[in-house]
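Below are the chains, spelled out letter by letter.
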Amino acid sequence: MSAWEEIRGLIDRRDADAVAARIAGLDEEARKEVAGRLPGYLKTLRGRRESWRRLEDHAEVLRAAGAGVLPGAAAVATWLNRRDFTTAWSPPYGDTGRITTILAARPAEWRADLARRLVLRLRTAEDRGMELALALLRATGIEVPDHDPVVAGWASAFAALPTPPAPHEDPLLDVMLPRLFEAQGVGRALRWESDPAGASLGALSALAAADGARRSALLQGCVRRFLLGGSVTDLRFFVRLHEVLDPAPHEIEPQARDYLRLLPAAPGPVAELALRHLRGLDELDVLDPFDLVEGWEAVLFRPERKLVRAGLTWMDQRVRLSPGLAASIAGPLALAFASDSVELQERALKLAIKHAATMDDEGRTAIRDALGALPPDLGRRAFAVFGGEEPAEAGPRDGFDPPALPRPDAPRRMPEPIGSVAEMVPLLNDSDDWRAWERLLAGFVALVHRDREGTAAAFKPYLPGRYESLYGVHHWDREDMAAALPGGHGHLYGVHHWNRVDHWLIGAACSLTGVAPERGSWRSRLPDTRRLPPPRLLLLHRAAEIQMAVERDVVPPLLLATPTLTTGHVEAAELVTRLEVIEAAGAKPLAADLQQALLRLPRERDGEAAERAGRLSSAAGRLVARWLSGARLADPVVEMGWSHPEHGDGETKPVPSLRAQATGLPLVDRMFADSPWHGDGVQPSWWPSMFPSHREVAAAYLSRQLRHDQWHHMAVRPGQLRELARLDGPPGAAVALVLARLLGDPDTPEAVDVLLTMAGRGDLPAAELGGRAAALVGHDQIKLVHLTAALESAARQGAHGEVWTAVAAALPSLVPQAGHRPRHGLTEFVALAATSAAWCGARGAIPEIEAMAARKGSSGLLREARRLHGLLTVKEG
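Draft legend 1. View of the overall build of the protein chain. When helices and strands are tallied, the protein chain shows 44 helices and 2 strands. Taken over 877 residues, the protein chain has a buried fraction of 51%. Contacts in the protein chain between residues at least 24 apart in sequence constitute 71% of all its contacts with a sequence separation of at least 6. Surface exposure of the protein chain reaches about 39800 Å², of which carbon and sulfur atoms provide 51%.

Right under this line is the structure:
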């Protein structure tokens, strides 16, 4: 048996240790034979498995063989990093010991070349080749290449060690330590190192404690890394390391200028660190006035309120230590006067007044020049001390010039139904686009009625010979089955229920072409109607009756419910025309299709269409005539409640209830009955279009979907909210709840645009919005800070009046009782209330705000409450 045959047998058995042992005994000639045959054998191995699979199960044995026989370092480096040895989800290689043993027989220069090549191939700290590259660096002792990923990888491995090595135990330690602070990716690799006793922090702290030079180098390295910049994630580890080292003021002093350079633009945690240590230098008096002013201006210009507060405190304490600095604080204070926080403006003004007596003329002039940035009440307090131009009384909008609200777009007409089978096939997977599917359903019915045999023949090239093959298609097989319908629907006739419209349409295509297993097999496919959301039930009934009509060969010429407008409406005149076509053909309309068409009629009366409908002779025609003549459904009553957390899955959820007069139409009455349902609402993107004249009903159903799925995505997306806003019918509690929920979701900023659109149309239920938003906050469904940000954005874009109405309605529920802690974010919410009240000139006290304003204290919340109460109760003239 040749050497290659032996090695090949061991590869087939995946015995990597045996391969390593056998290769060690090969002579040069045998190595050449194996090296020549090995690459070609990969094709054989790949041929034994599915085309999509890689060779990860043979990876270690193949790596061992290549490392032992391939001649050049470049060839071995390429072989060890072959992409077909691994997949995205494969674990790191566990063969470092075996590979280094195999390579030990190679010449030292050759191994050094391989080590350099493997290092330069690394891309991230998690690279699968990292362990082997580090092992070769230690074994060869070569100079570590200047390559950031290897530094991040070493740091990551260092952090994972249960016991940190001593300096003499890791030859890379002294080489890598200085590079920790320069290489990109180190901070991210160590971002979870939060415990001071953790491997990296603990080990580096121990090194610093044992060696003063190393401690100084680590501190300087941290500051150097901060100056290089980066995100909070990149710098988090270095902030923690700096704090673990806990430098004394005399250690900070040599780098004081560098800490000052961090104040203007470093991420918040870094700037906080720098500010804290600079304040620690006050007793040493090592910063000259120019440095101090530079630091104060940098801090007071930052957007973080916490930092600005700390900066004002630093300034106050420093001026008390050195009163001569009072002349230097005017410029920094002017920056704080321009803050968007009334609390910070008031703090800055108090500081200016406190030190006014020791300011020189230049400083007092600088303060006077900056008073215009203060709100009128603070400006008048400053005027009493510093003089200058007396602030005017605030106008109704306090200088705010609101932009115009957007003008609503007129509904557009729907495109024509799909005209051919070739156009239908690519749309069969696009089940989230209800407009495309309505066109698809309409086109399918029209084609089958017009030319049943021709349509069946057109579908056959897209259908495999057996339905099992069609519904067993996997994503990776699509290139080999380009003629098959797209889908991945599973074995359609092997599943118990058909839960989606596309299931039914493909089932109808199978019945049309004769590949369905048996007639009537679709009858048992409807899910349990007691567990279905009513809108989904109507959708599936419409799809199922198309399947039934195809099988019985009673397909009508067209569908009635296909929308004529992109809102989902079916124009009355067009509905009557469609009924006339069906009557002329001697056909009958489909029952669920007719009921959906009635739900899609516009709210406006069309007397001419009603007169034409009265001349129809069919039962469907007479029903439509009655609806068009005024017997249509009145607006249902929608009420919103909350489930008890002890019921269901333990969560508190919005629960809608609906009441309406019965119409005698089973599906319509089901839509407007208070019928509880369970399970998920598949295809909720269709629901707004099903009730285009009753948006409150559509919102009631969507409110049951106001939760996050397993991927943390909201089940109701901005697109559905946008559709809801374009519908007709009086909005109420349900619309307000859905809008409030998405306004409170920071991942759906588009909700602000919907609010502006509704405000522009004049149909935003602003007071209801505020009440429902407060309820959502109270049930911990949204965070107040996120709601405030969204409403503030809307106010600045012209909806300030509507925002005031909403926040005024929410405040009574959000104000805490005396002695109770306020909810996080309430200060900013009350500040928004005061701002929007000023912009729209609101008047009239809110009892809860009045009571809060009368409480003792000086917190930011109480200051904002007093400001709001003062605005609401100011006397005109």
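After presenting the structure, the write-up continues.
Draft legend 2. Spotlight on unusual backbone geometry. Positive phi is not limited to glycine here, since Asp553 has a value of about 60°. Backbone geometry places Asp780, a non-glycine residue, at a positive phi of 60°. Within the element layout of this structure, Asp780 appears in the loop between helix 40 (766-778) and helix 41 (784-814). Judged by its relative accessible area of 61%, Asp780 is exposed.

Draft legend 3. Focus on the packing of aromatic side chains. Overall, the coordinates contain 10 aromatic pairs when judged by the stated rule. Here the aromatic rings of Trp4 and Tyr41 are separated by 5.5 Å at their centres, their planes lie at 80°, and the arrangement is edge-to-face. A residue pair is termed long-range when its members are at least 10 positions apart, and Trp4 in helix 1 (residues 3-12) and Tyr41 in helix 3 (residues 28-47) qualify at 37 residues. Like Tyr41, Trp4 is buried. In textbook terms, an aromatic cluster arises when at least three aromatic residues are bridged by ring pairs, as seen for Phe672, Trp687, Phe691 and Tyr701. Here the guanidinium or amino end of Arg63 rests over the ring plane of Tyr93, the centre of that ring lying 3.8 Å away. Directly above the aromatic system of Trp110 lies the positively charged group of Arg106, at a separation of 4.2 Å from the ring centroid.

Draft legend 4. Representation of the confidence of the model for the protein chain. Confidence in the prediction of the protein chain, expressed as mean pLDDT, is 86, and 89% of residues score 70 or more. The low-confidence segment residues 465-490, where pLDDT is below 50, has 48 contacts with residues more than four positions distant or belonging to other chains.

Draft legend 5. How the structure looks around the nonpolar core. By size, the foremost hydrophobic cluster in this structure holds 147 residues, and its most contacted members are Phe444, Leu743, Trp804, Phe829 and Leu868. In terms of residues, this core owes the most to one element, helix 41, which gives 15 residues. With near-sequence residues (within four places) excluded, Phe444 lies in contact with Met424, Phe459, Leu505, Ala508, Ala509, Leu512, Ile546 and Val550.

Draft legend 6. Spatial organisation of the packing of helix 20 (residues 330-337) against helix 21 (residues 342-354). Across the interface, helix 20 lies against helix 21 with an axial gap of 8 Å and an inter-helix angle of 155°. Relative to helix 21, helix 20 is oriented roughly antiparallel. For the pair helix 20 and helix 21, the sense of crossing is left-handed. Counting all contacts with helix 20, which are made through Leu333, Ala336 and Phe337, the residues of helix 21 involved are Gln345, Ala348, Leu349, Leu351 and Ala352. Residue classes in the contact of helix 20 with helix 21 are distributed as 7 nonpolar, 1 polar and no charged.

Draft legend 7. View of helix 31 (residues 591-599). For helix 31, a buried count of 8 out of 9 residues is recorded, marking the element as mostly surrounded by other parts of the structure. What helix 31 keeps buried is the set Ala592, Asp593, Leu594, Gln595, Gln596, Ala597, Leu598 and Leu599. Looking at the buried residues of helix 31, the elements they touch are helix 29 (534-552), helix 30 (572-584), helix 33 (619-631), helix 34 (666-671) and helix 35 (687-690).

Draft legend 8. Up close: the pattern of salt bridges. This structure, assessed with the given rule, holds 46 salt bridges. Arg603 is the partner of Asp635 in a salt bridge, and the nearest nitrogen-oxygen pair spans 2.8 Å. Linking Asp635 in the loop between helix 33 and strand 1 (637-642) with Arg603 in the loop between helix 31 and helix 32 (607-614), this pair joins segments that are 32 residues apart in sequence. Arg796 serves as the salt-bridge partner of Glu792, at 3.4 Å between the closest nitrogen and oxygen. Taken together, the positions of Glu792 and Arg796, both in helix 41 and 4 residues apart, correspond to about one turn of that helix.

Draft legend 9. View of the packing of helix 20 against helix 22 (residues 361-370). In the contact formed by helix 20 and helix 22, the axes pass within 9 Å of each other and the chain directions differ by 10°. Comparing the axis directions of helix 20 and helix 22 gives the class roughly parallel. Of the two elements, helix 20 crosses helix 22, and the hand of that crossing is right-handed. Residues Ala330, Leu333, Ala334 and Phe337 of helix 20 form the contact with helix 22, whose own contacting residues are Gly363, Ala366, Ile367 and Ala370.

Draft legend 10. Helix 22, seen in detail. Inspection of helix 22 places Gly363, Ile367 and Ala370 among the buried residues, and these make up the whole buried set. In an axial view of helix 22, the angular spread of the buried residues amounts to 70°, which keeps them on one side of the axis. The exposed set on the far side of helix 22, more than 90 degrees from its buried face, consists of Asp361, Glu362 and Asp369. Residues of helix 22 that are buried in the fold lie against helix 20, helix 21 and helix 23 (376-386).

Draft legend 11. A look at the side chain of Glu696. Within the element layout of this structure, Glu696 appears in helix 36 (residues 695-703). One buried charged residue, Glu696, forms no salt bridge at all, with the nearest opposite charge on Arg695 at 6.8 Å. Separated by 2.9 Å, the side chain of Glu696 and the backbone nitrogen of Ala733 make a polar contact. Apart from residues lying up to four places away in sequence, Glu696 is in contact with Val638, Pro730, Pro731, Gly732, Ala733, Ala734 and Val735.

Draft legend 12. Up close: the environment of Asp146. Structurally, Asp146 is set in the loop between helix 8 (130-140) and helix 9 (148-160). Asp146 sits 33 residues away from Arg179 along the chain, and the two C-alpha atoms are 9.1 Å apart.

Draft legend 13. Highlighting the environment of Ala352. With respect to the helices and strands, the residue Ala352 is situated in helix 21. The spatial distance from the C-alpha of Ala352 to the C-alpha of Gly363 is 9.8 Å, given a sequence separation of 11 residues. Not counting chain neighbours up to four residues away, the residues in contact with Ala352 comprise Leu333, Phe337, Met359, Ile367 and Phe386.

Thresholds, definitions, all that
- Residues numbered from 1 in each chain as written.
- Predicted model: local features only at pLDDT ≥ 70, side-chain atom pairs only at ≥ 80, totals over all residues.
- Heavy atoms only, no water.
- Helix = DSSP H or I, 4+ residues; strand = E, 2+ residues; numbered from the N terminus.
- Buried < 20%, exposed > 50% of the residue type's maximum accessible area, 1.4 Å probe, protein only.
- Contact = heavy atoms within 4.5 Å.
- Areas by Shrake-Rupley, 256 points an atom, 1.4 Å probe, with all protein chains shown as cover.
- Phe/Tyr/Trp six-rings, centres within 6.5 Å; stacked < 30°, edge-to-face > 60°.
- Lys NZ or Arg CZ within 6 Å of the ring centre and 35° of its normal.
- pLDDT = per-residue confidence, 0-100.
- Core = buried A, V, L, I, M, F, W, Y, C linked by side-chain atoms within 4.5 Å.
- Axes fitted to C-alpha atoms, helices over the stretch in contact; angles between N-to-C directions.
- Parallel < 35°, antiparallel > 145°, perpendicular 65-115°, else oblique.
- Left-handed = near helix turned anticlockwise from the far one by under 90°.
- Nonpolar A, V, L, I, M, F, W, Y, C, P; charged D, E, K, R; others polar.
- Salt bridge = Lys/Arg side-chain N within 4 Å of Asp/Glu carboxyl O.
- Arc of directions from axis to C-beta.
- Lys, Arg positive; Asp, Glu negative; His and termini not counted.
- Polar contact = N/O pair within 3.5 Å; in protein donor to acceptor, adjacent residues only side chain to side chain.

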